[in-house]
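Geometric and topological summary
What follows is the residue order along each chain.
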Amino acid sequence: MVEEKFYSDRERLVQALAHDCACDLQKGIKERGQASFLVSGGSTPEPVYRELSRRPLPWSQIAVALVDERWVERTASGSNQAFIESCLLQNCAAEAPFLGMKTPHATAAEAEADCERAYGELPRPFDVCVLGMGSDGHTASLFPHAEGLQAALDPNSAKLCSAITAKQSAVTGSHTERMTLTLAGILQARDIKLLITGDEKLKVYREALLGSDELEMPVRSILKQGLKAVTVYWAP
């Protein structure tokens with residue numbers, strides 16, 4: 001259920017992934033009059049988002065929503081909402097409706113119900129979900145052995161969103177409290193696209209394919225779920 005699209009350089013990857021996302025979103029609009037686009041933060045997808053922002057899609061009919069978020073204010077370093085606003089919701093895409101995860105609640109756990117209601121109103125099935133992967137094998141905010149991870153990885157869960165507390169590390173930094181789509185939520189996307197670059201991430205990806213412990217490498221829950229096809233995009 002995993003399709004690999006490997007490219008010789010990152011510019012080819014950017015153009016290919018932007019094209020594929022655009023086609024999938026247009027398909028959703030053609031079928032239902034609207035589409036939903038789930039996006040991850042991080043430096044790897046940034047050029048893809050900038051490329052997409054310049055494409056003349058019917059953005060007012062495309063609901064953009066976060067895959068996950070650190071529990072920080074929009075003005076703080078590390079806010080995925082601020083990142084998406086700066087690189088995707090520009091140019092032609094400035095008119096796209098946007099749904100973030102951060103609420104005024106003091107903790108992510110207190111915000112779960114509100115997040116769940118908001119995400120439940122998005123057009124479903126979600127049309128496109130763009131995921132990344134960390135060098136520790138995390139994806140979204142599904143971090144290895146995080147508090148709340150096992151429940152968040154239940155493919156039969158009725159929950160779309162889950163508060164999660166990552167163990168502090170060089171990867172998570174000080175922002176350990178987060179909100180994330182659950183595995184069940186991600187699997188409601190028609191097209192799941194996993195974007196990785198560089199030899200180190202390729203090695204981690206191959207290690208994830210070989211093993212079975214999802215709590216150790218949560219990206220395995222995406223690659224091995226057997227319910228939805230996953231397209232992996234990679235370039236050196």
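The structure displayed is predicted, hence computed values, not measured ones.

The rules behind each value
- Residues numbered from 1 in each chain as written.
- Predicted model: local features only at pLDDT ≥ 70, side-chain atom pairs only at ≥ 80, totals over all residues.
- Heavy atoms only, no water.
- Disulfide = S-S within 2.5 Å.
- Buried < 20%, exposed > 50% of the residue type's maximum accessible area, 1.4 Å probe, protein only.
- Axes fitted to C-alpha atoms, helices over the stretch in contact; angles between N-to-C directions.
- Helix = DSSP H or I, 4+ residues; strand = E, 2+ residues; numbered from the N terminus.
- Parallel < 35°, antiparallel > 145°, perpendicular 65-115°, else oblique.
- Left-handed = near helix turned anticlockwise from the far one by under 90°.
- Contact = heavy atoms within 4.5 Å.
- Nonpolar A, V, L, I, M, F, W, Y, C, P; charged D, E, K, R; others polar.
- Pairing = 2+ DSSP bridges.

Section: the state of the cysteines
Summed over all chains, the structure comprises zero disulfides. With no disulfide of its own, cysteine 87 lies 13 Å from the sulfur of cysteine 21, the closest cysteine sulfur. Cysteine cysteine 115 remains unbridged, with the sulfur of cysteine 161 as its closest cysteine sulfur at 4.6 Å. Among the residues examined, cysteine 115 registers a relative accessible area of 2% and is labelled buried.

Description of the packing of helix 1 (residues 10-32) against helix 2 (residues 46-53)
The geometry of helix 1 relative to helix 2 is characterised by a closest axis approach of 9 Å and an angle of 55° between their N-to-C directions. Looking at the two axes, helix 1 sits oblique to helix 2. Considering only the axes of helix 1 and helix 2, their crossing is right-handed. On helix 2, the residues that touch Val14, Gln15, Leu17, Ala18, Cys21 and Ala22 of helix 1 are Pro47, Val48, Glu51 and Leu52. Looking at the contact of helix 1 with helix 2 residue by residue, the class counts come to eight nonpolar, one polar and one charged.

Describing the sheet that holds strand 8 (residues 177-181)
Read from one edge to the other, the open sheet built from three strands follows the order 4-8-7, with strand pairing classed as antiparallel. Two strands in the sheet have a free side with no partner beyond their single neighbour: strand 4 (68-70) and strand 7 (161-165). Looking at each pair of strands side by side, their axes are set apart by 20° on average, direction ignored. Where strand 7 and strand 8 come together, five bridges link them in antiparallel fashion. In the sheet register, cysteine 161 faces strand 8, and the bridge partner there is leucine 181.

Purely spatial values, then, with no claim about function.
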